[in-house]
Each structure stands twice: as structure tokens, then as C-alpha cells.
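# Coordinate inspection notes
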Amino acid sequence: MWRKLSITVLLLAFFGLVILPMLAYAVGLVVIGPYEGTGGLAGYMRSIFDALINRAPSAIVLVASPLAIGVIWWLIGWLLRRGALNAAQTEE
């Protein structure tokens, strides 16, 4: 169980740190146009990592959102397995 959880957390962290910023760059390229900073995708990634180091809320939300969604998904599954959500629905 812990191995599966560890792999899931690592994959979500990788998605948040690498894949999601690349997707944001690609969408921005199509919708807004070329990135005005230097270095294209590498410059965009560097600006996100610099913002993370400086604790900018927007960068933290971008990078942490896949992990947060994973935690919420896991909590819902845990509550369903315990029957906590089912018990709340039958009381109504």
C-alpha cells in the first residue's frame, strides 16, 4: 500500500512540476501568443521555479494543484470505504 501511495505522490508531484507548466505554456502559446520572456519554454519553466523559490502563491497553486486534487480524491475514497458518506446519505 505504501509503495503504491509513494508512486502516486511522486507521479502527481512530477505532473505538477513538469507536465502542468508545459501544458500551461502550450495553451498560452496558442491563446495569447509567444512567451515574452527570454528562452521560450525553458525561460517559462525557470520563471515558475523562481516564483516557487520566492513563494509566489500563483506558482504554488499551479504546482501543488495535482497533489491537492489527489489528496481530495484519496480522502473521498477513504470516506467511502469507511462508509462515512453512505451513513450520512441514509440519515437524510
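Look a little higher up for the structure.
In this report, we go over the structure that sits alongside the text. (Residues numbered from 1 in each chain as written. Predicted model: local features only at pLDDT ≥ 70, side-chain atom pairs only at ≥ 80, totals over all residues. Heavy atoms only, no water.)

Let us now look at the packing of aromatic side chains. With the rule as written, the count across this model stands at 4 aromatic pairs. With 6.3 Å between their ring centres and 70° between their planes, Tyr-25 and Tyr-35 make a pair best called edge-to-face. Of this pair, Tyr-25 sits in helix α1 (residues 2-31) while Tyr-35 sits in the loop between α1 and α2 (40-53), and the two are 10 residues apart along the sequence. Ring geometry for Tyr-35 and Tyr-44: centres 5.5 Å apart, planes at 80°, overall edge-to-face. Accessibility expressed as a relative area gives 30% for Tyr-35, which makes it partly exposed. Members of the aromatic cluster, connected to one another through ring pairs, are Tyr-25, Tyr-35 and Tyr-44. (Phe/Tyr/Trp six-rings, centres within 6.5 Å; stacked < 30°, edge-to-face > 60°. Helix = DSSP H or I, 4+ residues; strand = E, 2+ residues; numbered from the N terminus. Buried < 20%, exposed > 50% of the residue type's maximum accessible area, 1.4 Å probe, protein only.)

Okay, the layout of surface pockets next. Volume-wise, the largest pocket comes out at about 390 Å³. Looking at the lining of the largest pocket, the elements with two or more residues in it are α1 and α3 (57-82). For the lining of the largest pocket, the element with the most residues is α3, which contributes 8 residues. In terms of residue class, the lining of the largest pocket is made up of 9 nonpolar, 3 polar and 2 charged. (1 Å grid on protein atoms, 1.4 Å probe; cavity = no way out; pocket = protein on both sides within 12 Å on 5 of 7 lines; lining within 4 Å. Points joined across faces, edges and corners; volume = space filled by probe spheres on them. Nonpolar A, V, L, I, M, F, W, Y, C, P; charged D, E, K, R; others polar.)

Before going further, it helps to examine the packing of α1 against α3. Orientation of α1 relative to α3, taken along the N-to-C sense of each, is 145°, at an axis distance of 8 Å. Relative to α3, α1 is oriented so that their crossing is right-handed. On α3, the residues touching Val-9, Leu-12, Phe-15, Gly-16, Leu-17, Leu-20 and Pro-21 of α1 are Leu-62, Val-63, Ser-65, Pro-66, Leu-67 and Gly-70. (Axes fitted to C-alpha atoms, helices over the stretch in contact; angles between N-to-C directions. Left-handed = near helix turned anticlockwise from the far one by under 90°. Contact = heavy atoms within 4.5 Å.)

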